[in-house]
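Spelled out from the first residue to the last, the chains are:
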Amino acid sequence: MRATLQLATFVGVVGLATWALPVIEEITQPLDYESEVAGGWSWRMEQDPAEVILLGDSILSWGVDLEQFESLTGRNTGILWAGASASAWWYLVLKNFVAEAEPPPGLVALLFRDNFLTLGSVLVGPQAVRQLEAVLDEGDEQVTGRVLKSSRSPVFVFLGRHWSLVDRRSELRDLFERSLKKTAALVSGHPPESADEAVARTFDGDEKDLAVLDRAAGLVMDDRLFDFDRMLHLTFLPDIIRVARSSEIPMVFVRMKRAPRSEPSRRAQVAELDVYMRALRNYLEDQGFPLLDLSVEDRLQQSHYSHGDHMNAEGRAVFTPLLAAALEEYMPQLGAPGAAPSP
Amino acid sequence: MIFTSFTYLIFLLVVVVGFWLIRKNQLRNVFLLGASYLFYGWVHPWFCILIAVSTSVDYVCALAMRSHPQRRQLWLVASVLMNLGMLGVFKYFGFFAESWEAALGALGFATSPIELRIFLPVGISFYTFQSLSYTIDVYRGILEPRRRFVAFALFVSCFPQLVAGPIERARNLLPQIETPRHWRAEFFHSAWPLILRGYVKKLLVADNVATYVDQIFALQAPSAPLLMVGGFAFAIQIYADFSGYTDIARGSARLLGLHLSENFRAPYSAISPSDFWRRWHISFSSWITDYLYIPLGGSRVRGAHRQFGVLLLTMGLSGLWHGAAWNFVIWGVFHALLLFAYRSLGLGAEWRPEGPLRRGVAWCVMFTATVIGWIIFRAPSLAWLVGVSGNFGWEIGPDSSLVLLVLLLLILFYSSPLLVLDWLGRLDIEKHRVLRATLVGVAVVALAIFARESAQDFIYFQF
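Draft legend 1. Molecular detail of the overall build of chain A. The number of helices and strands found in chain A is 17 helices and 7 strands. Out of the 343 residues belonging to chain A, those deemed buried represent 37%. Taking contacts inside chain A between residues at least 6 apart in sequence as the whole, the part at least 24 apart equals 79%.

What follows is the structure, encoded as structure tokens:
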């Protein structure tokens, strides 16, 4: 009897939390995920055919002013991006959206940072699944499987699929932490939303030793993730190349510049990244695809970034012409500016 | 293999079932020895060679002490040299080489860098000390050397306590290994609360608080208040991390019918340094007391200078045991100074201030000293520590007060399970079963929401 009562209490507590927590109003609001992570994949390709497509992650969406880019190049341009995306998402979007577009674009530029071209996904667990599911087509299920295989926590992936509490855990955690920050701000007589900015000002300063932080926080990637040959076959760069080649879409790979205070030279694993980049360059050359390295661009300064590697308006005003100029030599393959690209 | 991985849970389940399915104790020990080597060599199989060498040498040395009593000192020296030699090569070679080069450089001598890239085997400090205590006890005549190699090898490598302790004494663990055990439901009932408590401490408290600790200690010039918050947070992190590991270790061992020693007894309620060391990492501090401090003379040494010298040597080496870096040595020296200062004031191990106010003040002073010690311990490097010490800024701007409050609230929120666990420890939980079931439910829900997907390694793995 006692054991039954204990079991019932335990199940009751877990059941109540599972039912009650994920339906808290703030959590059922449109998620940051939808705007920040899902990004711009749902851009209407059919209604607005593009001559040039820029494909990438959030640093692309923060770094390029579309109107300015179009006016500089004279090309109708589409931006396809998802926050924290990497090779799996780029491959699926390229295959299921870009290669299917009619007429097809005349140029695709894939903008990436560091070793992201050979990462399956930056996200892990349920978030990675959700991001990929948004762009999956029939027969693509194995892509999710391959990405999740390299995920750090298959347990959370499994639990997230079958337990709503785990599925919404990042939003729930955010809610708790936001509430605490608001409380701190109110108690100390500050506006409720000022806590994040104050914390960012303290910890985002130039004095931060990123290499120490990376190592201390366990953020340093496993060295194996910089082993180009190993990662190439585990991830989706070869698939991207295959789709680009089979659909005859001209493609350019563009390495983005990270904010100077977080640039690789200040981080751990500088040497590993150098070796990796040489291998990537050789591979793309062998495959006949150009690699433009804008990571060494001096005109982009720290003041051009708003947070992390995301640029502010000034940064966009500097970077957009740089990108337009860098892609210029690949534009002549397109028809006259403004005309639909030839198939 | 780490305790927080799914692989470990599967491994533990298979080992526990397999262990109890075997009837004969000797076969069980062979099975458990194999499982322990699998556990230890999971990522780097060559680690097993080291532990096998250490085990074999100590096994032979102990038997030789008995068969050649007139040469037992020689065999003890052989055992000590082998164990400390292994530690010296695998853990301290790089540190001593760098320090030597730096010292020569400072004296104006040109040196060529000595490069020897050696991977530190996990848990080497723990099992070498455990194995060493066996040969020393045999030398002292406190313990009979064991003829059964498997039982001794299992004592050295038994997987729950292999990589981060508790550092067991042979006279506690060996008889348990040698005695046939029969499955009792009590093993399970006492094991799962320990394991759950360990996961709560590690995944809920330590890993979440670590985020703020890492951010603060990554700043090159944190203000003094921010640094104290960082030290406070690290005090919570390291306690939750290490005692969480110990809880999981003890729980796992209970499932195998083994009883491992307690390693922590509310360390932050200490009111003096001696009190702290009776509560913190008990198996290590008692090892150091028995095999280093007392043989050096201990508290019987006459003269303040000599007493200080003994404390300095003992605590300095204790610091070095934790890691091959100068900040660990300084941390040990800092505790030696604390111990000496308290003793000089007549506040020894038995000191108990009268009245709540005095006790409160004594606690505040000791806790603050402990936090300062943890700042030294957690410092990313000696250069950082020197830079920060010479550059304290006490001013609190409008931003800083808000940031400090945010950090304190977040740290207190994530460390609140420790308070609940402490409160539960003082309750007779068997009388409050519904309360226990409720709290277990809350713990599971909290783990589902707040446990990080990529658990950090246990801090003491690096030692």
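Following the structure, the description resumes.
Draft legend 2. Layout of the overall build of chain B. Secondary structure summary: chain B contains 17 helices and 0 strands in total. Radius of gyration (C-alpha) of chain B: 23 Å, near the 23 Å computed for a compact globule of 463 residues. Overall size of chain B, expressed as C-alpha extent along the three principal axes, is 70 × 65 × 50 Å. Contacts in chain B between residues far apart in sequence, at least 24 positions, make up 75% of those at least 6 positions apart.

Draft legend 3. Seen up close, the sheet that holds strand 3 (residues 107–112) of chain A. Residues and elements named next belong to chain A. One open sheet accounts for 5 strands, arranged 2-1-3-4-5; its pairing is parallel. The open sheet has two edge strands with one neighbour each: strand 2 (77–81) and strand 5 (291–293). The mean angle between the axes of side-by-side strands here comes to 20°, regardless of whether they run parallel or antiparallel. As paired elements, strand 4 (residues 251–255) and strand 5 share 3 bridges and run parallel to each other. In the strand pairing of strand 5, R255 is matched with D293. Running at roughly 140° to strand 2, helix 5 (residues 66–73) makes contact with strand 1 (52–56) and strand 2 of the sheet.

Draft legend 4. Geometry of helix 2 (residues 25–40) of chain B. All names here are of chain B. The first and last C-alpha atoms of helix 2 sit 22 Å apart over 16 residues, in line with the 22 Å expected at 1.5 Å per residue. Considered for burial, the residues of helix 2 that qualify are R28, N29, L32, L33, A35, S36, F39 and Y40. One face of helix 2 carries all of its buried residues, which in axial projection span an arc of 165°. Along its buried surface, helix 2 packs onto helix 1 (6–21), helix 3 (47–67), helix 6 (149–157) and helix 7 (170–178).

Draft legend 5. Structural view of the nonpolar core. Counting 134 residues, the largest nonpolar core has F155(B), V209(B), A233(B), I236(B) and V406(B) as the members making the most contacts within it. Counting residues in hydrophobic clusters, the runner-up holds 62 residues, among them A82(A), A244(A), M256(A) and Y305(A).

Draft legend 6. Looking closely at the environment of L313(B). Residue and element names in this part refer to chain B. Its location among the elements puts L313 in helix 12 (residues 304–322). Residue classification places L313 among the partly exposed positions, given that 15 C-beta atoms sit within 10 Å. Sequence-wise, L313 and S299 are 14 residues apart; in three dimensions their C-alpha atoms are separated by 13 Å.

Draft legend 7. Unusual backbone geometry, seen in detail. Put simply, E102(A) and P103(A) share a cis peptide bond, and its omega is 0°. A positive phi angle, close to 45°, is found at A266(B), a residue other than glycine. Residue A266(B) is classed as partly exposed on the basis of its 13 C-beta neighbours within 10 Å.

Draft legend 8. Representation of the confidence of the model for chain B. For chain B, per-residue confidence averages 86 on the pLDDT scale, and 94% of positions sit at 70 or higher. Quick note on the complex model: pTM equals 0.74, ipTM equals 0.73.

Draft legend 9. Representation of the environment of L273(A) in the model. Residue and element names in this part refer to chain A. Within the secondary structure, L273 sits in helix 16 (residues 270–287). For L273, a count of 17 C-beta atoms within 10 Å corresponds to the partly exposed category. Distance from L273 to D114, taken between C-alpha atoms, is 7.2 Å for residues 159 residues apart in sequence.

Draft legend 10. Molecular detail of the pairing of strand 2 of chain A. Residue and element names in this part refer to chain A. The element strand 2 is largely enclosed, with a buried count of 5 among its 5 residues. Side chains T77, I79 and W81 project from strand 2 onto one buried face, and the interleaved G78 and L80 project onto a second face that is buried too. Looking at chain direction, strand 1 and strand 2 are connected through 5 bridges and run parallel. Residue pairing for strand 2: L54 is matched across the bridge by I79.

Draft legend 11. Structural view of the packing of helix 9 (residues 224–255) of chain B against helix 14 (residues 356–378) of chain B. Residues and elements named next belong to chain B. Look at helix 9 against helix 14: their axes get within 8 Å of each other, and the N-to-C directions meet at 85°. Relative to helix 14, the element helix 9 is oriented roughly perpendicular. Between helix 9 and helix 14, the residues in contact are L227, M228, G230, G231, F232, F234, A235 and I238 and T370, V371, I372, W374, I375 and R378, respectively. By residue class, the composition of the contact of helix 9 with helix 14 is 10 nonpolar, 3 polar and 1 charged.

Draft legend 12. Focus on the pairing of strand 1 of chain A. Residue and element names in this part refer to chain A. Burial runs high along strand 1: 5 of the 5 residues are buried. The pairing of strand 1 with strand 3 spans 4 bridges and is classified as parallel. Considered in strand 3, the bridge of L54 is made with A109.

Draft legend 13. View of the confidence of the model for chain A. Residue and element names in this part refer to chain A. Looking at chain A as a whole, the pLDDT averages 77, with 75% of positions reaching at least 70. Taken element by element, chain A is modelled with least confidence in helix 3 (residues 32–37), mean pLDDT 40, and with most confidence in strand 4, mean pLDDT 95. Ignoring residues within four places in sequence, the model shows residues 215–220, a span with pLDDT below 50, making 14 contacts including any to other chains. Long-range and interchain partners of residues 338–343, a stretch whose pLDDT sits below 50, account for 12 contacts in this model, where long-range means more than four residues apart.

Draft legend 14. Structural detail: the packing of helix 8 (residues 185–218) of chain B against helix 9 of chain B. All names here are of chain B. Where helix 8 contacts helix 9, the axes come no closer than 7 Å and their chain directions differ by 155°. With respect to helix 9, the element helix 8 is oriented roughly antiparallel. Helix 9 is crossed by helix 8, and the crossing has left-handed handedness. Taken together, the residues of the contact of helix 8 with helix 9 break down into 25 nonpolar, 8 polar and 7 charged.

Rules behind the numbers
- Residues numbered from 1 in each chain as written.
- Chains lettered and ligands numbered in written order.
- Predicted model: local features only at pLDDT ≥ 70, side-chain atom pairs only at ≥ 80, totals over all residues.
- Helix = DSSP H or I, 4+ residues; strand = E, 2+ residues; numbered from the N terminus.
- Buried ≥ 20, exposed ≤ 12 C-beta atoms within 10 Å, placed from the backbone.
- Contact = placed C-beta atoms within 7 Å.
- Rg over C-alpha atoms; globule rule 2.2 N^0.38 Å.
- Pairing = 2+ DSSP bridges.
- Axes fitted to C-alpha atoms, helices over the stretch in contact; angles between N-to-C directions.
- Expected span 1.5 Å × (residues − 1).
- Arc of directions from axis to C-beta.
- Core = buried A, V, L, I, M, F, W, Y, C linked by C-beta atoms within 7 Å.
- pLDDT = per-residue confidence, 0-100.
- Parallel < 35°, antiparallel > 145°, perpendicular 65-115°, else oblique.
- Nonpolar A, V, L, I, M, F, W, Y, C, P; charged D, E, K, R; others polar.
- Left-handed = near helix turned anticlockwise from the far one by under 90°.

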